[in-house]
Amino acid sequence: MKGVVLLGDRALEIRESPDPTPGPGEVVLEIKASGMCGSDLKYYRARGGAAALGFKTQNGPVIAGHEPCGVVVATGPGVSPREARIGQRVMQHHYRGCGVCPQCATGWMQLCVEGVAEVYGATGHGAHARYMKCPARTLVPLPDALSFDAGAAVSCGTGTAWGALRRLGLSGDQTIAVFGQGPVGLSATLLATELGARVIALDTCEERLERAGAFGADVLINPTKSDDVVERIRDLTHGLGADVAIDASASPTARAQAVRCLRTWGKACYVGEGDSVTLDVSNDLLRRQITLIGSWTFSTVGQADCARFVADRSIDLDRLFTHRWLLDQAAEAYRLFDQQSSGKGVIHPS
Ligand SMILES: [Zn+2]
Ligand SMILES: [Zn+2]
C-alpha cells in the first residue's frame, strides 16, 4: 500500500509498504477518512519532522495522519466481537499505552504512566494510507449518523475542542472567547454555539473569521484591526469580561489575552501546542481568582461522548472540511494547508 510520510522542512513522500496484518489483540482498519490536523502541519514544517518536536521513532519516519476513521477489515487473535467486528465503522483514539495503568484503564492512553508507547501518525504508522494497524482497545465506535469525514474530525480536532469545553464546564448562559479559528478553534465555536453559549471568535485571518460567523459565532474580532482586544471583550460583556476562554492559536499574545479578557472567577483553557506565554501572576491570575487549564486532546470515553453529542444534535461536521483529497494529492493538500487560510482538509485513501 501507499502511505504519506512527512519528512519535515515542507517535504513529503508517498512510500510503498506491505499491507499490515494484525497481531494478537490488534485490528486492521481500511481508512475511509484521514483528517489533517494542526499538529500535522507542525510535523510537516519542522526540520526533521515529528522527531524534531520530540516524537522519536525507532525506525525513522512513519506514515502520517492521526485522525483515523474507517472500517474494521481484519482482527487478530484474541480480539472479541465486543471489541471489534469485521465491517464495523470506527474511529481510532490515536495513542497506544500499556493498557492497564490507571490512565490507560480510564481511556487516557496518551497519559500512560509507563510513557505513551505510540502516538499514531507521529511515532507509529498513522492513517494517511489505505490500511492502518492498531490495538482493538484504541477503537471508538462511529455512530451511524456520522460520516467518515465527521468521525475523522472527532478523532482529533473537534474532539480536542470538545475536551476543552468539558474541562471549562461551559454552560449555555455564558460568553466564551475563542482565540484562533483553525480546525480546533472553529470546532470550539461550533460546539459552544450548540451548547447555547454566546461566542466571541477571534482570528487574524478574515477568511477564517467569516467561517466562524457562518458556524454561529455572535461576535467576530480580528486582533490586527482592533486596538485593544481585552477592552473590546470587556465592552461586549458589560465591562465584566468573558466567563471562559480557549486559546487554540498557540500565539503568546493570544494566550495572555485569553487570560486577561476573563471576568473575576473566569476560566481559560490552552489547547494550542508549542511556544510560550508571559503572565503577571498576581494581577492576571491570583487577584482575580482565575483558573488556567491545559488540555491535551481527550479520552476514548470523551471521544465517544463528542461523537454522540454531534449525532444527537445533528451537527453538520462535514462543513468543517473545505478540501477533500486523494492520497496521491497529499503534496498539494499540505501545500495548501500550510497557508493556514482555508478550512480543514481530509484525505480519502480508499
Ligand atoms: Zn498505561
Ligand atoms: Zn491533532
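A brief structural summary. (Residues numbered from 1 in each chain as written. Chains lettered and ligands numbered in written order. Predicted model: local features only at pLDDT ≥ 70, side-chain atom pairs only at ≥ 80, totals over all residues. Heavy atoms only, no water.)

The next point concerns the sheet that holds strand β15 (residues 291-294). Across the sheet, which stays open at both edges, the six strands sit in the order β12-β11-β10-β13-β14-β15 with parallel pairing between neighbours. Each edge of the sheet is formed by a strand with only one pairing partner; in this case those strands are β12 (219-221) and β15. Neighbour to neighbour, the strand axes of the sheet diverge by 15° on average, direction disregarded. Across four bridges, strand β10 (residues 175-179) lies against strand β13 (residues 242-247) in parallel orientation. The partner of F179 across the bridge, within β13, is D247. Relative to β12, helix α6 (residues 206-214) is tilted by about 170°, and along the sheet it contacts β11 (198-202) and β12. Across the sheet, helix α8 (residues 252-260) touches β10, β13, β14 (262-270) and β15, and the angle it forms with β14 is around 145°. (Pairing = 2+ DSSP bridges. Helix = DSSP H or I, 4+ residues; strand = E, 2+ residues; numbered from the N terminus. Axes fitted to C-alpha atoms, helices over the stretch in contact; angles between N-to-C directions. Contact = heavy atoms within 4.5 Å.)

When a metal carries six donors in an octahedron, the ideal angles between them are 90 or 180 degrees, while four donors in a tetrahedron ideally lie at 109.5 degrees. Those donors, C37 (SG), H66 (NE2) and C156 (SG), are the protein atoms that reach the zinc ion (ligand 2), and they lie 2.1 to 2.2 Å from it. Every donor residue of the zinc ion (ligand 2) comes from the same chain, spaced as C-x28-H-x89-C. Separated by 119 residues along the polypeptide, C37 in the loop between β3 (26-35) and α1 (38-45) and C156 in the loop between α3 (148-154) and α4 (157-168) bring together distant segments of the chain. Just as C37 is buried, C156 falls in that class too. (Donors = N, O, S within 2.8 Å, 3.2 Å for Na, K, Ca; no water. Buried < 20%, exposed > 50% of the residue type's maximum accessible area, 1.4 Å probe, protein only.)

With that settled, consider the coordination of the zinc ion (ligand 1). Donor atoms from the polypeptide that bind the zinc ion (ligand 1) are C98 (SG), C101 (SG), C104 (SG) and C112 (SG), placed at 2.3 to 2.4 Å. For the zinc ion (ligand 1), the four donor atoms in the first shell make angles of 103 to 117° at the metal, so the coordination geometry reads as tetrahedral. Mapped onto the sequence, the donors of the zinc ion (ligand 1) take the spacing C-x2-C-x2-C-x7-C. Overall, the relative accessible area of 33% leaves C98 in the partly exposed class. (Tetrahedral: all angles 85-135°; square planar, octahedral: opposite > 155°, others 65-115°.)

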